[in-house]
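In case you want the letters, here they are:
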Amino acid sequence: MTASSYSSNANNYELIPCRELTWNLSRSHLTTQYKSFYMCFDDGSFGYIQFAYGNLGLFVKVAPLGWTYYPSKDQPDQEPIISSSTYMYRSMKVSKDHYSVDVHKHFMHFDVKAQTWHVGIEGMYDLTIQMKNDGYALTDFGQNNTGGYMEHKIFPVSSLKGSVTAHGNTRNVTGTAVFIDAMFFKDKFTNLGHTWQNSLLFDESKKNVLTCLHYFPRNTADTFRSQASLTLDDKLVAVLLKNEYSTNGASRVDGIRYQLPTHIDRVLTGSTLDDKPVRVHLASDLDKVQSITDVLNIFPKWAKDVVSIWAGLPYVFVWLQHLKAEVYIDDQIVSTLSGCHYVEQTCVHMPN
């Protein structure tokens, strides 16, 4: 198939404060919870940090971490940095208030009163991230599903400062961050879906941000879950749940079985927080894939075969390019977002 289209029609979300961002490690199900920062630095480079917890069952619990750095287009000779580590859960030290964690020499500390994160990846990131109290939460993306649970809490705009060490150089940085806190469980993780796509557009003003997240079901008869958010002038304006997503074209990477889109088109619709109709349209050909990560590459083959029964064969593909998106409120164009477009697609299974 070289073309596909999906639509979502969820309705429910909840505005939340920062104090609801504790770790929840008590569930006995097969569970994953992760907290992630997607960061657009003012010099045009891009970064990502994720701390996670996973209950794999059979008394096995793990604490995976992942981090990346993509140099700006002005630094063409520098390669992206993609790295990760997975530790046993006993290495994850959780604070008494359940807001902060340390994993070996890496840390993610949250001061709930100041709404400030201090995040460190040894040898690479030392950042202070100031959150705004404009976040929202969705449970099952507005859909009911007794066979599992899926929750996302998103704070679309936070300011950051600190230092980045990459390619032998340490420098001070400022920028904008999107924070995502997700938790989901299922009797078997392989049933959650075949593909996830996360898309972020950081406007050059650094005050306008568009976030998109899509879950593609393994069975085409199941629900396609999609959500997006629009932030203008540093304020959350709308959560968009009635979305149309389509792709055209297909490409393959040698040695990897998954098909990748070459063109994507999104129409995101909903209402502003003060009940005005809003629509955002963005379409783009996708450039050459910026990075490819075999998530299970850290395991020897025999262990990879075992883990794949539970987790599938996940690969993460990243595109990073410039894009424009048109924003309409009350059927009047109010803004054209133009800036850094980050697309992260995680393929886990072939669709049924």
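Residues numbered from 1 in each chain as written. Predicted model: local features only at pLDDT ≥ 70, side-chain atom pairs only at ≥ 80, totals over all residues. Heavy atoms only, no water.

- By the naming in an unreviewed UniProt entry, the protein chain is Svf1 family protein, lipocalin superfamily Svf2, taken from Schizosaccharomyces osmophilus.
- Here the protein chain is described in UniProt, under the heading Subcellular location (unreviewed entry), as follows: "Cytoplasm".
- Recorded in UniProt under Sequence similarities (unreviewed entry), the annotation for the protein chain is "Belongs to the SVF1 family." (UniProt positions renumbered as here; feature names shortened; annotations may be inferred.)

Describing the nonpolar core
And then number 1: Grouped together as the largest cluster of nonpolar side chains are 38 residues, with contacts concentrated most on Phe37, Met39, Ile49, Phe51, Trp117 and Tyr125.
And then number 2: Formed by 32 residues, the second largest nonpolar core is a distinct cluster that contains Met150, Ile180, Ala182 and Val316. (Core = buried A, V, L, I, M, F, W, Y, C linked by side-chain atoms within 4.5 Å. Buried < 20%, exposed > 50% of the residue type's maximum accessible area, 1.4 Å probe, protein only.)

Digging into the environment of Gln197
And then number 1: Considering the arrangement of structural elements, one finds Gln197 in strand 15 (residues 195–203).
And then number 2: Judged by its relative accessible area of 1%, Gln197 is buried.
And then number 3: Placed 135 residues apart in sequence, Gln197 and Gln332 show a C-alpha to C-alpha distance of 29 Å.
And then number 4: Not counting residues within four places of it along the chain, the set of residues in contact with Gln197 comprises Cys212, Leu213, His214, Phe216, Tyr245, Arg266, Val343, Glu344 and Gln345.
And then number 5: Polar contacts involving the side chain of Gln197 include one to the side chain of Tyr245, which spans 2.9 Å.
And then number 6: A polar side-chain atom of Gln197 sits 2.6 Å from a polar atom in the side chain of Gln345. (Helix = DSSP H or I, 4+ residues; strand = E, 2+ residues; numbered from the N terminus. Contact = heavy atoms within 4.5 Å. Polar contact = N/O pair within 3.5 Å; in protein donor to acceptor, adjacent residues only side chain to side chain.)

Quick word on empty space enclosed by the protein
And then number 1: A full pass over the atoms with the stated rule returns two cavities of 30 Å³ or more.
And then number 2: The volume enclosed by the largest cavity comes to roughly 40 Å³.
And then number 3: Forming the walls of the largest cavity are Lys132, Asp134, Pro156, Val157, Thr231, Asp234, Lys235 and Leu236.
And then number 4: Tallied by class, the residues present in the lining of the largest cavity amount to three nonpolar, one polar and four charged.
And then number 5: The calculated volume of the second largest cavity comes to roughly 30 Å³.
And then number 6: Looking at the second largest cavity, the residues that line it are Ile154, Ile180, Asn198, Leu200, Thr211, Cys212, Leu213 and Gln227.
And then number 7: Only strand 15 and strand 16 (209–216) provide two or more residues apiece to the lining of the second largest cavity. (1 Å grid on protein atoms, 1.4 Å probe; cavity = no way out; pocket = protein on both sides within 12 Å on 5 of 7 lines; lining within 4 Å. Points joined across faces, edges and corners; volume = space filled by probe spheres on them. Nonpolar A, V, L, I, M, F, W, Y, C, P; charged D, E, K, R; others polar.)

Digging into the pattern of salt bridges
And then number 1: Going through the model one piece at a time under the given rule, you end up with four salt bridges.
And then number 2: As a salt-bridge pair, Glu122 and Lys105 come within 3.8 Å of each other at their nearest N and O atoms. Highlighted residues: Glu122 in the loop between strand 10 (116–121) and strand 11 (125–131) and Lys105 in the loop between strand 8 (101–103) and strand 9 (106–111), separated in sequence by 17 residues.
And then number 3: Classification of Glu122 by relative accessible area gives partly exposed; the value is 49%.
And then number 4: The class of Lys105 is exposed, set by a relative accessible area of 60%.
And then number 5: A salt bridge links Glu151 to Lys153; the nearest nitrogen and oxygen atoms lie 3.9 Å apart. You'll find Glu151 and Lys153 in the same group, each marked buried. (Salt bridge = Lys/Arg side-chain N within 4 Å of Asp/Glu carboxyl O.)

A closer look at unusual backbone geometry
And then number 1: You will see that His98, though not glycine, has its phi angle at about 65°, which is positive.
And then number 2: Mapped onto the secondary structure, His98 falls in the loop between strand 7 (92–94) and strand 8.
And then number 3: Taking relative accessible area as the criterion, His98 reaches 35% and is therefore assigned partly exposed.
And then number 4: A positive phi angle is found at Asp330, which is not glycine, with a value near 55°.
And then number 5: Its place among the elements puts Asp330 in the loop between strand 24 (315–329) and strand 25 (332–347).

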